[in-house]
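A structural walkthrough
Residue strings, one per chain:
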Amino acid sequence: GMAEQGQTKHGSEWVYVQSDQRGNERATRVVLPDALRVVNLRVNGAPLSVPCTDPRLSLCSFLREHLHLTGTKRMCGEGGCGCCTVLELAPSQEVRPVLSCLRPIASCNERAFLTIEGVRDRAVVAPLIASHFATQCGYCTPGMVNVLEALLQRGSAVTDEEIEEQLDGNLCRCTGYRPIFTAARAALSAKSSDRHCCGSSCSSAHGSHADAMDMEDLCGGGNSGRGLPARALPRTLAAGGSGAGATTWLTASSVDEVLAALRTYPASTVRFSAGNTAHGVIAIEDSVSVMIDVSRIRELNAVADGADGSLHVGAAVSLADTRAALRGAKRDPGVEEVWKEAAAHFGRIGGHALRAAGTVGGSVMLASQTPSFTSDTLVILAGLGTVAHLLSADGRRRSLAVEDLPKIGGNELKSSLLLSLSIPNPSIPPRGCAKGAPVLKTFKIALRRQNAHAMLNAALFARICDDERFGDDIRLVFGGVGAFAVRARRAEEALRNTRRGDPAAARAALRALAAELPRHATVDADGRVPVHAHSSYAATVAPGVLFKFLLAMQRGGPLPCDEAAARMRLPRELSHGTQRYADGPAAEAPVGRPVPKLAALAQARGEAVYTNDPSPPAGCLFGAYVAAPCAPAVLDGCSADEALRCTPGAVAFVDAAALAAAQCKNALSADEELLVSRTIQFAGQAVGIVLATTQDAADAAARRVVVHARQTGAPVLDTLDAARRGDIYAGSQATRSRGTARACHASTEEASSDTVRVHGTARTGHQYHFFMETHACTVVPVEGGRLWEVCSSTQYPLMVQQTVAGVLGAPLQAVRVRTERVGGGFGGKLTRAAAIAAACAACSAVAGAPVRISLPISAAMRLVGGRAAYALEYDLSITRDGRISSADLSLWYNQGACSDLGGVDCGAALDAIDNCYAIPRMQVRGACVRTQCAPATAMRGPGFVEAIALMETAVEHAARVIGLSPEEVRERNFYRPGDTALCGQRMPYANVRELWAQLRSAAGWEARVAAAAADNRANRFVKRGLAMVPIKYLLPWAGVNYNALVNIYTDGSVRILHSGIEIGQGIDTKVAQVAADTLGVPLAAVSVGRTTTDTAVNTQATGGSIASELNSRAVKAACKDVLGRIDPIRKLATPGASWSEVIAKCAAAGVDLQGRGYSYASSSPEGPYQYTSFGVAVCEATVDGLTGEWQINRADILLDCGDSLNPMIDIGQCEGGFVQGMGLFLSEQFRYNGVTGDLLTAGTWEYKPPCSQDIPAVLNVSLVQNHPNPLGFMRSKASGEPPYALSCAAMFAVQRAVDAVRAEVGLHSPRLLSAPATVDRIRDLAGVTVEHMTFEPLRAGSAAK
């Protein structure tokens, strides 16, 4: 009853005078909290005092750049990948994973953290990650280890389900996740049995798990004195500015202190912070200069049960703790399922670490102010009838329904503090509403199963009265259909007081919903781009979600045919699988054995060094690109002075004019500039680079540079649009043909009734590499610029050397390129790394100082491009019994706005387009088209993957037309041994028929197809589908050269320097195995050094799946070279002399103990390629036709690797390639602004590669046994790229399930999915409408076509 009368400010003190209804006054004095000046924290047990010169500096940047703890990796800076995960010992003594890229250093005051450096010496998980082949490039691995170690700190037993949930926010692009789960389960097994972390009892290097780690002691908070030593860290550190401008950080300890701050500073300059996870959604505006940390206000952290069974949650309570509170809420009779449903949905928000940091109030307030944010939290709470309690800047408290918060709007909401949220007892109806049993169903659909924002979410609440009628208390809340969450009030009204299961009422509600939701859709200022990218889909699918709810509400439950459809989420079993292979010959060991990667343990322990990990050289500047905002356009200049002036640490702006002044060549190729001088070819193209003293400052200043660009037309972005316009790269046209010279379809036999013509169009989309280590480079001028040291994250050091030398006008011998291990490449660091290195070198020349550039993911996606989009126009002739007699194909390749550093070639796709099919007559034309997209570049299996998928789409279409299964058509057209492929390659070992039969039997094809058909007959809208797909991969060796040095030291140890790049594919391990076998030494005696252009001279790129084989070949030659000099000494040595004794004698005799090997392959006698590789995959999928959701239930892969050099590494390549390919075919989508050409999906918020819960629930991989390859090195075959194309089987399995849905609703005309087959496209193709949503099973064909 107190009302404010007045307020007075005295210095930093506010005096509030309030009076009650009787006129009694009370004065309250509140002191404004002091701005945070020093941050006191512990890192790995070391106490630190850090001057808070830049409160917004992320914990990740602080750890890496100031403490040089580089085991913590940085990738996205958005909280979307998990690479930066560290551990925090919370005040509650709970060990929590923390996304350090989102955590401001100022919020770390009086907190304790552990990085991988502090964990690794006693870590349980790291050795198991290494021994279970659960790391490839290793960049994401320290974050994975930290997350799992946090789970292992729990005193209670941990289930397999909790393991999968714990990893739901950590992405891995390499492994396919399956081995990570296996390693984690092994760690839990070690914990439960108190065995050594490696699973053996013979080693005591790390101790048992019981002694492995006491987190409190390690953080320095325990009393045992066993805390981690403070290491060589100063107690006081200068934290340099990030360029965020002057920011005041206030840590409030009470609500009154927040009020004082709100009265002191303008509302537009203030932002609240607790978990700071909003930074992963939207950037904080430059106008914000005051950050108020509310995370330590007791009132805001309270969770309490009300006397009436309600639940009161403070606004600063984390999402994870809110979920726990819902799970533990008072269990009044009949409400347990309501709380359980809400808690389960909270588990689908973000990833584990994000839920631990993000707050319930922050999520609600962000969603209430940000139209593009589809908040699960807000929707769930609105469905529960939650009331929000606000405190405004003038001290007024008010309460309102949580869904009404957006109505406040403007600075009023921004300057209001959300205090708490009251969730009413579901068993108690609102005043005036009838009693009844409460029911809540929530729903979320996204581009992937976990760690993705909703395309549509819903919370549907109703109360069922004793007479089986819906009561008055109905709340149907939907997110994603408009600017903010909406109540479907017309649909609510249609259901009120109707009997549940009443078909008429249900249809009325569905029609009302379908009519009312589209009116909420909104677009942005240019009128073209929806605020929610998928709002039209959301409005379309929302009736299906309501129908699910109504099915679940039927008296006695849904009909048997609707039980699956009534589920709000497709069920998924725990991930598991098998790996089958045969060891190689014992005489060649360790070759052919499953040897763990040499660097696996170092990667898991955070010791492996990547490009950006070494400390920057003295005086180093950091660069950040400034991007063009639109295309096609003309650049009229950039305004950078203000950006440099107002950004602490900003030094210079480099543009094309600056390059010219420094006499640097501003050209990457004939059609691409290093920095735009005049003509902008694509949105995102580099127009300049800001140099600053820190990377954060450079990034901040780059965002402030104003680019003056005049758009000259509408961007052309679509492949076929460009082809029809004739925008074709000169010289890119190519053809392949087989058969007679006459037109493919002109023969008389094809005019008969036995032959059918099938024509159509198939497409594949762009795909970003999404390597966890983004592009990075450091250039150091030496000796006054006469020499240049370049450290580049590249797959092609020679191209980096040539490109940098070209830009600088220097000879190649003046440019020395060094490459550390690369945190993932997938082709994206073949050519485009040279462009980054050239820009870095040019900036170094301009500034006369070392320069380092590390691209954030959003800049990388806009600038670097990715996999090319393709389109195939096909015209097939096929007989009624399934034999394809001719094919006329036109293939279009979307190269983008400029060539890939001079390369424009669709030849790989043309050579692969026939796949495994002996089609007698083929005519194929191909060309590269020019669009206003970023230039396409190689990505794992470029051309091959797309060609396979496109051709298989045509086969799927043809099979449907003639009424056969696609598998029958495939099998009837297979090549046979001795046949010649379209490209002219003779295939004496074409074993596709054998592999097909073998996997068909092993996967139980016939029985599973029959089971799926029976299941589909029993279910209306949730259907299963199976697909089986073969691939043929062509391996090119001709003209490719690699070299190797093998150094043998006087103690007998061996060091290898080869010309390949370790990008996660295991090349270092394979060459070491070959060296150990050839020299006859233990593998432990062999190590592998990093690649430099001093030793890898004029050698080719690492790509195309050939580098491991051919570098191993070069290493073997080098070993034989040195053995030729060792053997004469060995013969003179004492019988039985050890290797080290022989080597000592060689050294004493002056024998040259350095061997040199060279691998240069001429053309194969079989054709333009060295050999062919075949593989087969079977996939099973489930699709919900009401929503478009999919689940890959099982995948079986059989690949011919010949005699594998390392079978488990090759199996890892199969698993990782397959899952990466699933992203191309099912979830990874490039969306552009149709007006400006800007890429809208740049970053982890919108771009969704598969997460750990998207992989096949069962993933079985087998390597063909007893099939040595006489044309390969040591009888082996490649494994990196062939399995990638097999993942199109997942899309075709989804297609079969969609076909079953279409047949159920009477749609029989063939319509095919194109990649990516995202949930919205699947839902659209399924063809289910409101009219099909009845409570009676449909008869096939009964609906109107």
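Residues numbered from 1 in each chain as written. Predicted model: local features only at pLDDT ≥ 70, side-chain atom pairs only at ≥ 80, totals over all residues. Heavy atoms only, no water.

Broken down by element type, the protein chain carries 38 helices and 47 strands. Relative to the 2.2 N^0.38 estimate, which gives 34 Å for 1345 residues, the radius of gyration of the protein chain is 32 Å and therefore close to what a compact globule would have. Once local pairs closer than 6 in sequence are excluded, the contacts in the protein chain between residues at least 24 apart make up 76%. Accessible area of the protein chain: about 44,700 Å², with a carbon and sulfur share of 50%. (Helix = DSSP H or I, 4+ residues; strand = E, 2+ residues; numbered from the N terminus. Rg over C-alpha atoms; globule rule 2.2 N^0.38 Å. Contact = heavy atoms within 4.5 Å. Areas by Shrake-Rupley, 256 points an atom, 1.4 Å probe, with all protein chains shown as cover.)

Here we come to the packing of aromatic side chains. For the coordinates displayed, the defined rule picks out 15 aromatic pairs. Ring geometry for Phe 974 and Trp 996: centres 5.0 Å apart, planes at 75°, overall edge-to-face. Taken together, the residues Phe 974 in the loop between α29 (966-971) and β37 (979-980) and Trp 996 in helix α30 (residues 992-1002) connect sequence positions 22 residues apart. Owing to a relative accessible area of 3%, Phe 974 belongs among the buried residues under this scheme. The rings of Tyr 768, Phe 770, Phe 771, Phe 1230, Tyr 1232 and Tyr 1247 are connected pair by pair, giving a single aromatic cluster. Above the ring of Phe 771, the side-chain terminus of Lys 829 is found at 4.5 Å from the ring centroid. (Phe/Tyr/Trp six-rings, centres within 6.5 Å; stacked < 30°, edge-to-face > 60°. Buried < 20%, exposed > 50% of the residue type's maximum accessible area, 1.4 Å probe, protein only. Lys NZ or Arg CZ within 6 Å of the ring centre and 35° of its normal.)

The next subject is helix α16 (residues 503-516). Counted at 1.5 Å a residue, the expected span for α16 with its 14 residues is 20 Å, and the 20 Å between its end C-alpha atoms agrees. Of all the residues in α16, the buried ones are Ala 505, Ala 506, Ala 509, Leu 510, Ala 512, Leu 513 and Glu 516. The arc enclosing the buried residues of α16, seen along the axis, measures out at 160°, which places them on a common side. Every exposed residue of α16 that faces more than 90 degrees away from the buried side is listed here: Pro 503, Ala 504 and Ala 515. In this structure, the buried side of α16 is in contact with β19 (475-479), β20 (486-487), α15 (489-495) and α17 (535-553). (Expected span 1.5 Å × (residues − 1). Arc of directions from axis to C-beta.)

A few words now on the environment of Gln 685. In this fold, Gln 685 is placed in the loop between β25 (679-680) and β26 (686-692). Among the residues examined, Gln 685 registers a relative accessible area of 3% and is labelled buried. It is 5.3 Å that separates the C-alpha atoms of Gln 685 and Ala 628, two residues lying 57 residues apart in sequence. What Gln 685 contacts, discounting residues up to four positions off in sequence, is Val 626, Ala 627, Ala 628, Val 676, Thr 679, Ile 680 and Leu 863. Polar contacts involving the side chain of Gln 685 include one to the main-chain amide nitrogen of Gln 681, which spans 2.7 Å. (Polar contact = N/O pair within 3.5 Å; in protein donor to acceptor, adjacent residues only side chain to side chain.)

What holds strands together in a sheet is hydrogen bonding between their backbones, with the strands either parallel or antiparallel. Here we have five strands laid out as an open sheet, ordered β28-β36-β35-β34-β29, and mixed in their pairing. Across the chains shown, the open sheet's two edge strands, defined by having one partner strand only, are β28 (734-738) and β29 (755-764). For this sheet, the mean inter-axis angle between neighbouring strands, taken without regard to orientation, is 10°. Across the sheet, helix α28 (residues 944-962) lies against β29, β34 (869-879) and β35 (884-896), angled at about 140° from β29, the strand it touches most. (Pairing = 2+ DSSP bridges. Axes fitted to C-alpha atoms, helices over the stretch in contact; angles between N-to-C directions.)

This paragraph deals with the confidence of the model for the protein chain. Mean pLDDT over the protein chain stands at 89; residues scoring 70 or higher make up 90%. In the model, residues 746-750 has pLDDT below 50 throughout and makes 11 contacts with residues more than four positions away in sequence or in other chains. Segment residues 1340-1345 is flagged for pLDDT under 50; beyond a separation of four residues in sequence, or across chains, it makes 13 contacts in the model. (pLDDT = per-residue confidence, 0-100.)

For the rest of this paragraph, the subject is the pairing of strand β40 (residues 1041-1048). Taking burial as the measure, the eight residues of β40 include eight buried ones, the bulk of the element. With burial as the criterion, each face of β40 is covered, one bearing Asn 1041, Asn 1043, Leu 1045 and Asn 1047 and the other bearing Tyr 1042, Ala 1044, Val 1046 and Ile 1048. Here β40 pairs with strand β44 (residues 1154-1160) via seven bridges, running antiparallel. Following the sheet pairing, Tyr 1042 is matched in β44 by Ser 1159. Summarising the sheet, β40 and strand β41 (residues 1054-1058) pair through five bridges and their orientation is antiparallel. Paired with Asn 1047 across the strands is Arg 1055, a residue of β41. Once β40 ends, the chain turns through five residues before running back antiparallel as β41, passing Gly 1052 with a positive phi of about 95°.

Spatially, β42-β41-β40-β44 is the arrangement adopted by the four strands of the open sheet, whose pairing is mixed. Every other strand in the sheet has two partners, leaving β42 (1086-1088) and β44 as the edge strands with one partner each. Direction aside, neighbouring strands of the sheet carry axes that sit 20° apart on average. As paired elements, β41 and β42 share three bridges and run parallel to each other. Along β42, the bridge assignment pairs Val 1054 with Val 1086. Those strands touched by helix α33 (residues 1107-1132) are β40, β41 and β44, and its axis lies near 140° from that of β44.

On to the packing of α16 against α17, then. Packing of α16 against α17 leaves a shortest axis separation of 9 Å and a crossing angle of 155°. The angle between α16 and α17 places the two elements in the roughly antiparallel class. When the axes of α16 and α17 are compared, the crossing they make is right-handed. Facing α16, whose interface residues are Ala 506, Ala 509, Leu 510, Leu 513 and Ala 514, α17 presents Ala 542, Pro 543, Leu 546, Phe 547 and Leu 550. Considering only residue class, the contact of α16 with α17 consists of 10 nonpolar, no polar and no charged. (Parallel < 35°, antiparallel > 145°, perpendicular 65-115°, else oblique. Left-handed = near helix turned anticlockwise from the far one by under 90°. Nonpolar A, V, L, I, M, F, W, Y, C, P; charged D, E, K, R; others polar.)

Tracing the backbone through its elements, the reader meets Asp 1068 in helix α32 (residues 1067-1079). At 2.7 Å, the side chain of Asp 1068 and the side chain of Arg 1090 are in polar contact. When sequence neighbours within four positions are dropped, the list of residues in contact with Asp 1068 reads Leu 598, His 1058, Glu 1062, Val 1088 and Arg 1090.

Counted by the stated rule, this structure contains 80 salt bridges. Lys 548 is the partner of Asp 1184 in a salt bridge, and the nearest nitrogen-oxygen pair spans 2.4 Å. One end of the pair, Asp 1184, is in strand β45 (residues 1171-1184); the other, Lys 548, is in helix α17, with 636 residues separating them in the sequence. Here Lys 548 falls in the buried class, since its relative accessible area comes to 0%. For Arg 930, the salt bridge goes to Asp 671, with nearest N and O atoms at 3.8 Å. With a gap of 259 residues between them, Arg 930 in strand β36 (residues 921-930) and Asp 671 in the loop between α21 (656-661) and β25 connect regions that are remote in the sequence. Owing to a relative accessible area of 32%, Arg 930 belongs among the partly exposed residues under this scheme. In this structure, a network of salt bridges that share partners links the residues Glu 952, Glu 956, Arg 960, Glu 967, Arg 970, Arg 1296 and Asp 1299. (Salt bridge = Lys/Arg side-chain N within 4 Å of Asp/Glu carboxyl O.)

Between α33 and helix α34 (residues 1139-1148), whose axes approach to 9 Å, the crossing angle comes to 100°. Classified by the interaxial angle, the pair formed by α33 and α34 is roughly perpendicular. Every residue of α34 that contacts α33 at Leu 1123, Ile 1126, Ile 1129 and Arg 1130 is listed here: Trp 1139, Val 1142, Ile 1143, Lys 1145 and Cys 1146. The residue inventory of the contact of α33 with α34, partitioned by class, reads seven nonpolar, no polar and two charged.

With that settled, consider the side chain of Glu 952. Here Glu 952 shows up in helix α28. Assessed through its relative accessible area of 0%, Glu 952 is described here as buried. Within polar-contact distance, the side chain of Glu 952 engages the side chain of Asn 915 at 2.6 Å. Those residues in contact with Glu 952 that sit more than four places away from it in its chain are Asn 915, Tyr 917, Arg 970, Val 1029, Pro 1030 and Phe 1292.

Here the focus is unusual backbone geometry. Of note, the bond from Ala 631 into Pro 632 is cis; its omega dihedral lies within 30 degrees of zero at -10°. Inspection of the secondary structure assignment puts Pro 632 in the loop between β22 (621-627) and β23 (633-639). Pro 1316 follows Ala 1315 through a cis peptide bond whose omega is 0°. If you trace the backbone, Pro 1316 turns up in the loop between α37 (1288-1304) and α38 (1319-1326). In this structure, Phe 770 takes a positive phi of about 55° despite not being glycine. Structurally, Phe 770 is set in the loop between β29 and β30 (776-782). Since its relative accessible area comes to 1%, Phe 770 is described here as buried.

Looking now at the state of the cysteines. If you walk through the whole model with that rule in mind, you get zero disulfides. Not engaged in a disulfide, the cysteine Cys 81 finds its nearest cysteine sulfur in Cys 76; these two sulfurs lie 3.8 Å apart. (Disulfide = S-S within 2.5 Å.)

As a further point, take the environment of Ala 260. By the element assignment, Ala 260 lies in helix α8 (residues 255-264). Here Ala 260 falls in the buried class, since its relative accessible area comes to 0%. For the pair Ala 260 and Met 144, spaced 116 residues apart in sequence, the C-alpha separation works out to 42 Å.

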